[in-house]
Amino acid sequence: MINLFNIDSLLKRLKFRYPLFTVTIEHLKFLEDYTMPTAATDGNVVLYNPNFMNKLNVHQQLFVLAHEISHVALNHIPRLKNREMSLWNIATDAVINAFLVKDGLEPVEGMIFLENALDFSSEELYDHLKEAEDYIQNNVSGDPSMTDNQHSKWGNSSNSN
């Protein structure tokens with residue numbers, strides 16, 4: 001598939017919009033990866049699937065890249081420590097996405113969004129989510145597969161965010 005978006009142009013726009021991202025962007029590599037469903041970072045490289053990016057408008061493309069860069073700029077990967085990766089990713093994604101939406105970037109359908117995420121640090125939000133998860137596991141009966149509780153994320157900090 002022909003790459004219809006221009007990664008360099010998008011990064012230039014992000015540097016202009018978020019000058020503090022400049023140092024982070026300059027230290028990251030941005031690579032195409034057709035095996036990646038969406039985009040991800042390991043803290044050194046941002047992988048993105050051109051097929052996914054081409055389905056988005058330029059404002060959503062900026063959102064996706066700003067999201068991945070935010071994980072690095074906010075040091076989310078080293079801050080994981082001994083936390084559960086999937087829940088940490090939900091917490092960090094929620095905080096990043098709430099910030100980017102508040103700042104006027106256009107979100108991508110299916111992203112994690114929690115109304116009050118900006119009221120918490122990622123660690124605090126993780127703790128609240130962990131408490132809720134523990135409470136649900138210990139106090140709610142029924143078949144969890146019968147709920148519509150699938151998190152439609154576009155990745156996580158370790159392998160797809």
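The model shown is predicted, which means the values in this text are computed figures rather than measured ones.

Here we look at the pattern of salt bridges
Item 1. Summed over the entire model, instances satisfying the criterion amount to six salt bridges.
Item 2. A salt bridge links K15 to E26; its shortest N-O distance comes to 2.2 Å. Taken together, the positions of K15 in helix α1 (residues 7–17) and E26 in helix α2 (residues 21–27) put the pair 11 residues apart, joining distant regions of the chain.
Item 3. On the basis of relative accessibility, which here comes to 26%, the residue K15 falls in the partly exposed class.
Item 4. A salt bridge links E84 to K130; the nearest nitrogen and oxygen atoms lie 3.5 Å apart. Of this pair, E84 sits in the loop between α5 (76–79) and α6 (85–102) while K130 sits in helix α7 (residues 122–139), and the two are 46 residues apart along the sequence.
Item 5. We classify E84 as partly exposed; its relative accessible area is 29%.
Item 6. A residue is classified by how much of its surface remains accessible, and K130, at 27% relative accessible area, is partly exposed.
Item 7. When salt bridges that share partners are traced, they join E84, K130, E133 and D134 into one network.

Remarks on α6
Item 1. Between its first and last C-alpha, α6 extends 25 Å over 18 residues, near the 26 Å set by a 1.5 Å rise per residue.
Item 2. By the criterion of burial, α6 is predominantly enclosed, with 13 of the 18 residues buried.
Item 3. Backbone geometry just downstream of α6 places G104 in the positive-phi region, at approximately 100 degrees.

Overview of the pairing of strand β3 (residues 45–48)
Item 1. Where strand β1 (residues 29–32) lies against β3, four bridges are found, and the strand directions are parallel. Across the sheet, F30 pairs through a bridge with V46, a residue of β3.
Item 2. Sheet topology note: the strand β2 (residues 39–41)/β3 ladder contains three bridges and is antiparallel. For A39, the partnering residue across the bridge sits in β3 and is Y48.
Item 3. Turn length for the β2-β3 hairpin, with the two strands adjacent in sequence and antiparallel, is three residues, and the turn residue G43 shows positive phi of about 100 degrees.

Quick look at the sheet that holds β3
Two modes of strand pairing occur in sheets, parallel and antiparallel, and in both the strands are linked by backbone hydrogen bonds.
Item 1. With mixed pairing, three strands are arranged side by side in an open sheet as β1-β3-β2. Two strands close off the open sheet at either side, each with one partner strand: β1 and β2. With strand direction ignored, the average angle separating the axes of adjacent strands in the sheet is 20 degrees.
Item 2. The sheet contacts of helix α4 (residues 58–73) involve β1, β2 and β3, and relative to β2 the element is tilted by about 15 degrees.

Re unusual backbone geometry
Item 1. Positive phi outside glycine occurs at N75, with the angle close to 60 degrees.
Item 2. Tracing the sequence through the fold places N75 in the loop between α4 and α5.
Item 3. If you check the backbone angles, K81 has positive phi at about 50 degrees while not being a glycine.
Item 4. Mapped onto the elements, K81 comes out in the loop between α5 and α6.

Calculation criteria
Residues numbered from 1 in each chain as written. Predicted model: local features only at pLDDT ≥ 70, side-chain atom pairs only at ≥ 80, totals over all residues. Heavy atoms only, no water. Salt bridge = Lys/Arg side-chain N within 4 Å of Asp/Glu carboxyl O. Helix = DSSP H or I, 4+ residues; strand = E, 2+ residues; numbered from the N terminus. Buried < 20%, exposed > 50% of the residue type's maximum accessible area, 1.4 Å probe, protein only. Expected span 1.5 Å × (residues − 1). Pairing = 2+ DSSP bridges. Axes fitted to C-alpha atoms, helices over the stretch in contact; angles between N-to-C directions. Contact = heavy atoms within 4.5 Å.

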